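The primary structure of each chain is shown beneath.
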Amino acid sequence: MLKATIKSLLSRKLRLILSGLAVVLGVMFVSGAFVLTDTLGRSFDSLFASVYAGTDVQVTHKPKIGGAEMDAPDTVTNIPADLVDKVKAVPGVASVTASASADGARVIGRNGKVVTTFGPPRIGENWTGTSDFLQLREGRGPSADDEIAVNAETAKNAGIKVGDEVGVLTLQPKRMFKLVGIFGYSGNRDSLGGALEVAFTTPVAQQLMLGEQNVYSSIDVKTEPGVTHDQVRDRIAAAIGDTYKVQTNAQLQAATSASFKQGLGFFNNILIGFAGVALFVGTFLILNTFSIIVAQRTRELALMRALGGSRGQTLGSVLTEAVAIGLIASVVGLAAGIGVGVLLASLFGSLTGVSLASVGVPAAAVISAFVVGLVVTVVAAVMPALRASRIPPIAALQEVATPDRPLTKLTISGALVGAAGGTLLGLGLAGKGSGTTTLWLILGGVLITFIGVALLTPLLARPVVGLLGRLFSWSVPGKLGRLNSGRNPRRTAITAAALMVGLALITGVNVILASAKQSLKQQAANDVTVDLIISGDGDQNGPATFDPAVMTSTAKIPGVSSVASEYYEFAQVGTERHNVTAVSDFAAYAGMFKLRAEQGQLAFTGKDQAVVDPETATKRGLALGKTVDVQFSRGEVHHVTVVGIYAKSNVAGGMYLSPDVVADFRTQQPAWGYVKVAPGTSVDAVQQQVDTLLKDNPEVSVANRAQYVAAQSAQFDQLLTMIQVLLALAILIAVLGIINTLALSVLERTRELGLLRAIGMRRAQTMRMVTVEAVVISVFGALLGLAVGTGLGAAVVRALKNEGFTKMAFPWSQMATYLVLAAVIGVIAAVLPSIRAARVNVLQAIAHD
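The rules behind these values
- Residues numbered from 1 in each chain as written.
- Predicted model: local features only at pLDDT ≥ 70, side-chain atom pairs only at ≥ 80, totals over all residues.
- Heavy atoms only, no water.
- Helix = DSSP H or I, 4+ residues; strand = E, 2+ residues; numbered from the N terminus.
- Contact = heavy atoms within 4.5 Å.
- Areas by Shrake-Rupley, 256 points an atom, 1.4 Å probe, with all protein chains shown as cover.
- Lys, Arg positive; Asp, Glu negative; His and termini not counted.
- Charge placed at Lys NZ, Arg CZ, Asp CG, Glu CD.
- Phe/Tyr/Trp six-rings, centres within 6.5 Å; stacked < 30°, edge-to-face > 60°.
- Buried < 20%, exposed > 50% of the residue type's maximum accessible area, 1.4 Å probe, protein only.
- Axes fitted to C-alpha atoms, helices over the stretch in contact; angles between N-to-C directions.
- Left-handed = near helix turned anticlockwise from the far one by under 90°.
- Pairing = 2+ DSSP bridges.
- Core = buried A, V, L, I, M, F, W, Y, C linked by side-chain atoms within 4.5 Å.
- Salt bridge = Lys/Arg side-chain N within 4 Å of Asp/Glu carboxyl O.
- Arc of directions from axis to C-beta.
- pLDDT = per-residue confidence, 0-100.
- Parallel < 35°, antiparallel > 145°, perpendicular 65-115°, else oblique.
- Patch = residues over 30% accessible without salt bridge, like charges linked within 9 Å, V, L, I, M, F, W, Y side chains within 5 Å.

**Q** Lay out the overall build of the protein chain in plain terms, naming residues and giving numbers.
**A** The helix and strand inventory of the protein chain stands at 24 helices and 24 strands. Across the protein chain, every contact between residues at least 6 apart in sequence was considered, and the portion connecting residues at least 24 apart equals 82%. Per element, the accessible surface of the protein chain, about 37,300 Å² overall, is 60% carbon and sulfur. Looking at charge distribution, the protein chain has the averaged site of its 70 positive side-chain charges lying 19 Å from that of its 57 negative ones.

Put into structure tokens, the structure is as follows:
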């Protein structure tokens, strides 16, 4: 029986390769994700070992804002300068280096634009001199307050050289400096991990990067010989108290690397998620392939039963083929995954400047490759294998074609499974779970809904396919193609379902994003009276900011009726960490966004005041006149009093603070500016004048309301494009499924094709017949995907009605494009099978049994 199985497997190499290719693609992404994260993880370990090579122990201030490390951008809490002498006096300390360093020094390049990075920080720091680790390449270190030195990476990216006047943005508005030096690192490195660095004199670094004089961000310690790092750490901690955090070199490396790896884990999960979609689609392909093969081998398997083969042997024969395909696909997928992991790691390194560690293949990549490959293939082959084991020996005397079975049980099962999936999805969208439970309810609901729809698809296949086929029934090949596509509803349904999954996900996301864009436009038209908005993109530290003097000057422009500035900060409100906003003139702001007071007043008349919406008040237990403790990046705790509660709004939400608290913000510059123009004044003319005021603020720009909405909508389009690219893998597997089904169908109908050719059908007509069959199946799958995706997208939009989705929108033009592309996919998928059908030898085909 084993020899017969191997021979059968080798005789069907092409069709099994097509089936295995689906598993290869899925395994490739799963193993590639693990190879990528392992390589990058070890690269970051090496990077941070270099960064902290000259530090045995480091002292930093415990952050004023508590919570998990990954909840927010870094919140640096300053260390008083007099602590340096205390640390230096601790026994075992050989030397100390006090650093005034923080992320956020943005250099303006020769082209007048801010130099950006793809993730690495833009560090501003005090110059502490050269060492074996840090070496000057040109010039010298800064000695005057108007001088800077930059690392070679910054000089290269900005196109600047020693002697140039360079603009730098920090916590303060743009300042000009003379570039006096360019430095690099040992090993001829231009940077550490792609970071851009600007070195100032110590007083300037303290003021621009830390916001005040006579403070530092950290103290780096070198220990004396004969004492361990742990011993010195404990002595320093005892000497300076528990207000500060004291860590050894090993602890610093582990903590910093762990935070970066947490971000890599998120990226890893995204790749595995899309690989899961590809494997789910591939399951349909494998299921269909084995179902068709079992149908074609009915007489062969029945003959084996007649010669003494048991049901178990028949079952084992089919599953052995599945295991063989799974093993081969896993090996090939693992090899391809290693290649993809290396490619993505190289791309990451070129974009960020991180020096990559040697490529390794972690055990997780190997294990996941074989587990995923085998499980997916075997699970997909179980049902066909069980069907094969039930073939009676008498079938050896019958025709190969198997009769179509009733769809009653399948339809009932599909209805029940679909209802269960819809219930889970509804519970998830309604927020009935807590934490990650809600996410799993949604994902599980979508998955089970897809399975339910796939089980119901055979019921729809014959009538829908018959209706679609009538579009091509103007010729004999078209009529035959229509009849062939509806001949086996189960086969057609499984093939179409593979395309349905990928297209449903794309359509669902498209509906959500289209609704978001239309809601944004509706809200801008109905709830916003602002004429001009000043804003920028920002980075991992928060939104871009600009000089507050711009708003002062804007308010003086003739025709400007009111202005309001919005400041951004991450703070601890009560016991939780949140983004908070302070507004310069909340009365004007409330008018610009049509906010209506429910209780109290929508204006600040004193210090430490706040207004909130009803949802925030309920969630945090706030009421009019009640106070809440708020800790910002600097200063002491503020006891903020609620002076107003505004009605729920689609364009504003949360807590707004009085402008006096900005003094304790990390960045004391506005992130957004709003301008209201008086009736009869040209908005374009005012916009041009504001644009002139922003000439020294290259990170931000001014836009009118329509331009701002268009810019925000463009971000949704970018997100959609990214998702479409990632889901293209699932569409590719669906195309392979159509090719495989048609190829097996042509083989199954060899005698029929020979007879058609014998009675006068030409080769071109034969190709047209197969193409019509492919197009009908492809368009059927697309219609299913559009219908299911529209339903899922609409359900999500409706569930988010209270979160700002005020308008349901359907991307009709995009959906029509998907339908046309589905027809094109059908034509492409039919090329090889139709050529094979046209080349059938008439005499041999008629004699085929």
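After that view of the structure, there is still more to cover.
**Q** Go over the packing of aromatic side chains with me, naming the residues and quoting the values.
**A** Counting across every chain of the model gives 16 aromatic pairs. Plain terms: the ring middles of Phe 44 and Phe 348 are 6.2 Å apart, the flat faces sit at 80° to each other, and that makes the pair edge-to-face. Here Phe 348 lies in helix α9 (residues 311–352) and Phe 44 lies in helix α2 (residues 13–51), a separation of 304 residues in the sequence. For Phe 44, a relative accessible area of 5% gives the class buried. Members of the aromatic cluster, joined through ring pairs, are Phe 586, Tyr 589, Phe 593, Phe 604, Tyr 646, Tyr 656 and Tyr 674.

**Q** Which residues make up the packing of helix α21 (residues 763–799) against helix α23 (residues 831–838), and what values go with them?
**A** Think of two packed helices as two axes; the pair is described by the angle between the axes and how far apart they sit. Taken N-terminus to C-terminus, the directions of α21 and α23 make an angle of 145°; their axes are 8 Å apart at the nearest point. The hand of the α21/α23 crossing is right-handed. Across the interface between the two elements, Arg 763, Thr 766, Met 767, Val 770 and Thr 771 of α21 pack against Pro 833, Ser 834, Ile 835, Ala 837 and Ala 838 of α23.

**Q** Could you give an account of the pairing of strand β15 (residues 532–536), with specific residues and numbers?
**A** With 4 of its 5 residues buried, β15 lies for the most part within the structure. Direction of pairing for β15 relative to strand β23 (residues 672–677): antiparallel, over a ladder of 3 bridges. Paired with Ile 533 across the bridge in β23 is Tyr 674. Two strands pair when backbone bridges link them, and β15 and strand β24 (residues 700–704) are joined in this way by 5 bridges, in the antiparallel orientation.

**Q** Could you give an account of the nonpolar core, naming the residues involved and the relevant values?
**A** Phe 284, Phe 450, Met 500, Val 501, Phe 780 and Val 788 are the most contacted members of the largest nonpolar core, which has 64 residues in total. Among the elements of the structure, α2, α7 (249–296), α12 (436–469), α14 (489–527), α19 (705–748), α20 (750–758), α21 and α22 (812–829) are those that each provide at least two residues to this core. Contacts of Met 500, omitting those with residues within four sequence positions, involve Phe 450, Val 453, Ala 454, Gly 781, Leu 784, Gly 785 and Val 788. Among the nonpolar cores identified, the runner-up in size contains 44 residues, and Val 84, Val 96, Val 115 and Ala 205 belong to it.

**Q** Tell me about the environment of Leu 821, residues and numbers included.
**A** Mapped onto the elements, Leu 821 comes out in helix α22. Assessed through its relative accessible area of 44%, Leu 821 is described here as partly exposed. Taking the C-alpha atoms as reference, Leu 821 lies 31 Å from Gly 426; in sequence the two are 395 residues apart.

**Q** Provide a residue-level description of the pattern of salt bridges, including the pertinent values.
**A** If you walk through the whole model with that rule in mind, you get 15 salt bridges. The salt bridge involving Asp 234 is made with Arg 233; its shortest N-O contact spans 3.1 Å. Given the relative accessible area of 45%, Asp 234 is considered partly exposed. Since its relative accessible area comes to 17%, Arg 233 is described here as buried. With its nearest N and O atoms 2.7 Å apart, the salt bridge here joins Asp 717 to Lys 517. With Asp 717 in helix α19 and Lys 517 in helix α14, this residue pair connects regions lying 200 residues apart in the sequence. A network of salt bridges, in which partner residues are shared, links Arg 137, Glu 153, Lys 156 and Asp 190.

**Q** Go over unusual backbone geometry, please, and point to the residues and values.
**A** Phi is positive for Asn 188, close to 60°, though the residue is something other than glycine. By the element assignment, Asn 188 lies in the loop between β10 (175–185) and β11 (196–200). By relative accessible area, Asn 188 is classed as exposed at 65%. In this structure, Lys 594 takes a positive phi of about 50° despite not being glycine. We classify Lys 594 as partly exposed; its relative accessible area is 49%.

**Q** How would you summarise the sheet that holds strand β14 (residues 244–248) if you had to cite specific residues and measurements?
**A** The strand order across the open sheet built from 4 strands is β3-β13-β1-β14, with neighbouring strands paired in antiparallel fashion. Pairing within the sheet leaves two strands with one partner each, and these edge strands are β3 (93–99) and β14. Along the sheet, successive strands turn relative to each other by an average axial angle of 20°, direction set aside. As paired elements, strand β1 (residues 57–61) and strand β13 (residues 218–223) share 3 bridges and run antiparallel to each other. Bridge pairing links Val 57 to Val 221 in β13. Lying on the sheet, helix α6 (residues 229–240) is in contact with β1, β3, β13 and β14; it crosses β14 at an angle near 170°.

**Q** Would you mind going over α23 in detail, with residue names and values included?
**A** Turning to α23, its buried residues number three or more, namely Pro 833, Ser 834, Ala 837 and Ala 838. Along the axis of α23, the buried positions cluster into a sector of 135°, meaning they face one direction only.

**Q** Give me the lowdown on the pairing of strand β6 (residues 122–126), citing residues and values where you can.
**A** Each regular strand carries side chains that alternate between the two faces of the sheet. In terms of burial, β6 is a largely internal element, 5 of the 5 residues being buried. Residues of β6 alternate between two faces, with Arg 122, Gly 124 and Asn 126 on one and Ile 123 and Glu 125 on the opposite face, all of them buried. Sheet analysis places strand β4 (residues 102–103) next to β6, joined by 2 bridges and oriented antiparallel. Residue Ala 102 lies in a different strand from β6, and its bridge partner there is Gly 124. Bridge count for β6 against β11 is 5 bridges, and the pairing is parallel. Along β11, the bridge assignment pairs Ile 123 with Glu 197.

**Q** So, the side chain of Ser 31: which residues are in play, and what are the values?
**A** With respect to the helices, strands and loops of the structure, Ser 31 is situated in helix α2. Those residues in contact with Ser 31 that sit more than four places away from it in its chain are Gly 333, Leu 334, Gly 337, Ala 365 and Ala 369.

**Q** Describe in detail the confidence of the model for the protein chain, supporting the description with residues and values.
**A** In this model, the protein chain carries an average pLDDT of 84, and 93% of its residues clear a pLDDT of 70 or more. Within the protein chain, helix α1 (residues 2–10) has the poorest average pLDDT of any element, 61, and strand β8 (residues 147–151) the best, 96. Below pLDDT 50 for its whole length, residues 67–72 participates in 10 contacts with residues either more than four positions away or in separate chains.

**Q** Describe the packing of α21 against α22, listing the residues and the values that go with them.
**A** It is at 7 Å that the axes of α21 and α22 come closest, and there the two elements cross at 150°. With respect to each other, α21 and α22 are oriented roughly antiparallel. For the element pair α21 and α22, the recorded crossing hand is right-handed. Along its contact with α21, which presents Thr 771, Ala 774, Val 775, Ser 778, Val 779, Ala 782, Leu 783, Leu 786 and Thr 790, the element α22 presents Met 815, Tyr 818, Leu 819, Ala 822, Ala 823, Ile 825, Gly 826 and Val 827.

**Q** Any details on the environment of Asp 537? Residues and values, ideally.
**A** Among the structural elements, Asp 537 can be located in the loop between β15 and α15 (549–555). Setting aside chain neighbours within four positions, we find Asp 537 in contact with Ala 544 and Glu 699.

**Q** So what about the environment of Phe 570? Which residues, and what values?
**A** With respect to the element layout, Phe 570 can be found in strand β16 (residues 560–573). Take Phe 570: its relative accessible area is 11%, and that puts it in the buried class.

**Q** Summarise a nonpolar patch on the surface; cite the residues concerned and give the values.
**A** A contiguous nonpolar patch, built from Ile 367, Val 371, Val 375 and Val 379 and spanning about 350 Å² of accessible area, is present on the exposed surface. Considering the arrangement of structural elements, one finds Ile 367 in helix α10 (residues 363–389).

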